[in-house]
Amino acid sequence: MKNVIYFALCSFVLAGCCKCPQLGADGAGGNPFGHALGVRPFVERDGLLVVEIESAPLADGWRLETEMAGYSGDGYYTWRGPNRFGEPGTGVLAYPVRITTPGRYSFRLHNRHDEPDHTECNDVYVRLGGDEWVKVFSHKAGEWNWVSRKDFGHNSPKPNATYDLLAGDHTFYLSGRSANFSIDRFHLYLEDVPDPRNVAHPQSPRAK
Ligand SMILES: [Ca+2]
């Protein structure tokens with residue numbers, strides 16, 4: 001009996017509890033270190049930094065799409081690989097940034113998912129430099145939105161995503177987690193920045 005329970009538990013964990021429909025298994029592999037090396041960083045100005053997701057080369061499992069209006073830039077990336085619950089580091093996208101004003105930055109992903117159950121298919125992994133991967137999720141479904149909360153597990157606080165950043169260069173990494181989750185751009189901003197989540201903000205310039 002104990003073995004049966006163990007097998008059932010393993011199957012549940014391996015399959016993930018998400019009901020997201022999945023396409024194929026093309027999310028496997030990819031460059032685990034992203035493409036940040038040799039890429040000029042985006043430069044923060046006046047406490048705001050704006051980066052289009054599609055500024056990074058596509059990694060396995062992500063697709064550049066344009067079907068859902070409301071995005072900015074040339075499109076958005078959708079995770080078309082399989083669910084990667086408990087498996088960060090697949091389809092790594094790398095975004096080098098240069099901070100000139102140190103402080104506590106809010107991190108917001110302009111994102112969308114259309115799963116009727118807003119608790120499903122709603123997340124991606126985020127990592128700053130060599131830190132741990134953290135699941136960042138949005139509970140809003142059916143529209144582009146900026147909800148970006150860190151999830152440290154069941155019964156843990158789920159705060160809005162923030163990062164304490166020193167002046168200098170950093171790299172943010174994203175990797176696929178939930179099938180069909182779409183990401184368009186991200187903003188990093190200090191508390192006193194006016195209208196910080198407006199998609200009309202242009203992408204930040206790259207360092208010379
Ligand atoms: Ca975009």
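Residues numbered from 1 in each chain as written. Predicted model: local features only at pLDDT ≥ 70, side-chain atom pairs only at ≥ 80, totals over all residues.

The subject of this paragraph is the overall build of the chain. Within the chain, the regular secondary structure consists of one helix and twelve strands. Burial statistics for the chain: of 208 residues in total, 37% are counted as buried. Expressed as a percentage of contacts within the chain between residues at least 6 apart in sequence, the contacts between residues at least 24 apart total 77%. (Helix = DSSP H or I, 4+ residues; strand = E, 2+ residues; numbered from the N terminus. Buried ≥ 20, exposed ≤ 12 C-beta atoms within 10 Å, placed from the backbone. Contact = placed C-beta atoms within 7 Å.)

The residue cysteine 121 is not glycine, and still its phi comes out positive at about 55°. Note on placement: cysteine 121 falls in the loop between β6 (103-112) and β7 (123-128). Residue classification places cysteine 121 among the buried positions, given that 25 C-beta atoms sit within 10 Å. Positive phi, close to 75°, is recorded for asparagine 180, a residue that is not glycine. Assignment of secondary structure puts asparagine 180 in the loop between β11 (168-176) and β12 (182-189).

Below, the discussion takes up the confidence of the model for the chain. Looking at the chain as a whole, its pLDDT mean stands at 87, while 82% of the residues score no less than 70. Contacts from residues 1-17, a stretch scored under 50 in pLDDT, to residues over four places away or in other chains number four contacts. (pLDDT = per-residue confidence, 0-100.)

Reading across the sheet, the six strands line up as β1-β5-β11-β7-β8-β9 and stay open at both edges, with mixed pairing between neighbours. At either margin of the open sheet sits one strand with a lone partner, and together these are β1 (42-43) and β9 (149-151). Of the pairings in the sheet, the one linking strand β8 (residues 134-137) to β9 comprises three bridges and is antiparallel in character. Counted as the bridge partner of valine 136 is lysine 150 from β9. (Pairing = 2+ DSSP bridges.)

This part takes up the nonpolar core. In terms of nonpolar packing, the biggest core is built from 38 residues, with Leu93, Tyr95, Val97, Val124, Ile183 and Leu188 touching the most fellow members. Among the secondary structure elements, those contributing two or more residues to this core are β2 (48-52), β4 (76-79), β5 (93-99), β6, β7, β8, β11 and β12. The leading source of residues in this core is β5, at five residues. Residues within four places of isoleucine 183 in sequence aside, it is in contact with Ile53, Tyr76, Tyr77, Leu109, Asn111 and Val124. (Core = buried A, V, L, I, M, F, W, Y, C linked by C-beta atoms within 7 Å.)

What follows covers the pairing of β4. What you see with β4 is no split at all: Tyr76 and Thr78 on one side and Tyr77 and Trp79 on the other are buried throughout. Taken together, the four bridges between strand β3 (residues 62-65) and β4 define a ladder with antiparallel strand orientation. When the bridges of β4 are listed, arginine 63 appears paired with threonine 78. Two strands pair when backbone bridges link them, and β4 and β12 are joined in this way by two bridges, in the antiparallel orientation. The residue bridging tyrosine 77 from the neighbouring strand is isoleucine 183, located in β12.

Here we take up the environment of serine 72. Here serine 72 is to be found in the loop between β3 and β4. Spatially, the C-alpha atoms of serine 72 and proline 202 are 9.2 Å apart, while their sequence positions differ by 130 residues. Sequence-distant contacts of serine 72, defined by excluding residues within four places in its chain, comprise Glu52, Asp184, Arg185 and Val199.

Mapped onto the fold, aspartate 169 is located in strand β11. For aspartate 169 and glycine 129, which are 40 residues apart along the polypeptide, the C-alpha to C-alpha distance reads 9.7 Å. Dropping the residues within four chain positions of it, aspartate 169 is found in contact with Pro41, Pro96 and Arg98.

Turning our attention to the environment of glycine 81. With respect to the secondary-structure elements, glycine 81 resides in the loop between β4 and β5. Judged by C-beta crowding, with 26 C-beta atoms within 10 Å, glycine 81 ranks as buried. As a C-alpha pair, glycine 81 and glycine 176 span 95 residues in sequence and 7.5 Å in three-dimensional space.

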